[in-house]
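Okay, here's what each chain looks like letter by letter:
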Amino acid sequence: MREDEILKQTFNFIMNHFKISIDDIEIILLYGNKQGEDIDLLVVLPDSYRGYSHKRKEYLDVFFCGKKTFVDWIKKMEPIITEPILTGTILLGKIEKYKKQITQTRISKKIRDNLILRAKIFYSFAKIIEQNNKMSNNLKKGITQEQEVPFEAIENLRFSLSYMLFAEYYKDNKKVITFKKLKKKIRNKKTLLFLEEKNKKHYSIMEFEELLRKVKSEVF
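Now for a quick tour of the structure. (Residues numbered from 1 in each chain as written. Predicted model: local features only at pLDDT ≥ 70, side-chain atom pairs only at ≥ 80, totals over all residues. Heavy atoms only, no water.)

Describing a nonpolar patch on the surface
Phase 1: Taken together, the side chains of Tyr52, Phe125 and Ile128 make up a nonpolar region of the molecular surface, amounting to roughly 270 Å² of accessible area.
Phase 2: For Tyr52, the location among the structural elements is in strand β3 (residues 52-57).
Phase 3: A relative accessible area of 37% places Tyr52 in the partly exposed class. (Patch = residues over 30% accessible without salt bridge, like charges linked within 9 Å, V, L, I, M, F, W, Y side chains within 5 Å. Areas by Shrake-Rupley, 256 points an atom, 1.4 Å probe, with all protein chains shown as cover. Salt bridge = Lys/Arg side-chain N within 4 Å of Asp/Glu carboxyl O. Helix = DSSP H or I, 4+ residues; strand = E, 2+ residues; numbered from the N terminus. Buried < 20%, exposed > 50% of the residue type's maximum accessible area, 1.4 Å probe, protein only.)

As for the packing of aromatic side chains
Phase 1: All chains considered together, the criterion is met by ten aromatic pairs.
Phase 2: Here Phe70 and Tyr98 contribute two aromatic rings whose centre-to-centre distance is 5.0 Å and whose plane-to-plane angle is 85°, an arrangement assigned as edge-to-face. Here Tyr98 lies in helix α4 (residues 96-104) and Phe70 lies in helix α2 (residues 67-75), a separation of 28 residues in the sequence.
Phase 3: Taken together, a centroid distance of 5.6 Å and an interplanar angle of 65° make the contact between Tyr169 and Tyr170 edge-to-face.
Phase 4: Positioned above the aromatic ring of Trp73, the side-chain terminus of Arg118 is 4.7 Å from the ring centre.
Phase 5: The ring of Phe194 carries the charged tip of Arg158 above its face, separated from the ring centre by 4.8 Å. (Phe/Tyr/Trp six-rings, centres within 6.5 Å; stacked < 30°, edge-to-face > 60°. Lys NZ or Arg CZ within 6 Å of the ring centre and 35° of its normal.)

As for a positive patch on the surface
Phase 1: On the surface, Arg106, Lys174, Lys175, Lys180, Lys181 and Lys184 cluster together to form a positively charged patch.
Phase 2: Along the chain, Arg106 falls in the loop between α4 and α5 (109-140).
Phase 3: We classify Arg106 as exposed; its relative accessible area is 57%. (Lys, Arg positive; Asp, Glu negative; His and termini not counted. Charge placed at Lys NZ, Arg CZ, Asp CG, Glu CD.)

Focus: helix α1 (residues 3-17)
Phase 1: Here α1 contains 15 residues, and its C-alpha end-to-end distance of 21 Å stays within 8% of the 21 Å for a straight helix at 1.5 Å per residue.
Phase 2: All of the buried residues in α1 are Ile6, Leu7, Thr10, Phe11, Phe13 and Ile14. The buried residues of α1 occupy one face: seen down the axis, they fall within an arc of 165°. Every exposed residue of α1 that faces more than 90 degrees away from the buried side is listed here: Lys8 and Asn16.
Phase 3: Where α1 is buried, its residues touch β1 (27-31), β2 (39-45), β3, β4 (60-66) and β5 (89-92). (Expected span 1.5 Å × (residues − 1). Arc of directions from axis to C-beta. Contact = heavy atoms within 4.5 Å.)

Description of the side chain of Thr105
Phase 1: Within the element layout of this structure, Thr105 appears in the loop between α4 and α5.
Phase 2: Within the local environment of Thr105, its side chain forms a polar contact with the backbone oxygen of Gln101, the two atoms lying 2.7 Å apart.
Phase 3: Not counting chain neighbours up to four residues away, the residues in contact with Thr105 comprise Met77, Ile111, Lys174 and Val176. (Polar contact = N/O pair within 3.5 Å; in protein donor to acceptor, adjacent residues only side chain to side chain.)

As structure tokens, this is what we get:
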């Protein structure tokens, strides 16, 4: 899909979810595997939008955040923000000063500690989503190990593992690295496979619980 068509679809998506003018959108970045099934986008909204959210519509996979969150997370070197800036294609807005800020940042203990904390939070989210899903299925029709877990649980687990891998790398390295380069340093093939199976959206409860145990050993 051409970039102008992606931008048009993104505008429509935003207008359906947020009561803002298109002129108020600060930044739209296209990133990730451009040959993949999904189109990954980072959209920065005005300060009137607080916090962040992650929404999907068909092939669009969009992470939204307000300008204040965007700026704060750059200071904290949050990969969910820094990766699109360093590796993405700008569709709207300007990012040069943010890219310069990221590349000139030296990783501190405070930044690394925040990455570890966020890894634990993502892990907790993944576990809560899976437990709520099991409770819901059990109430409706009984639980089986073959039933699938929500993709949101898998997604949070991937975030948890990737954040911890960044934190581990920054233990001995102070220069910012992209996720693409970080993955080349991963020696565990199962870990790498899980991180690269972004378009695999279906995991059984049994598969997920095995992944939970694996990620827990990495994060805690």
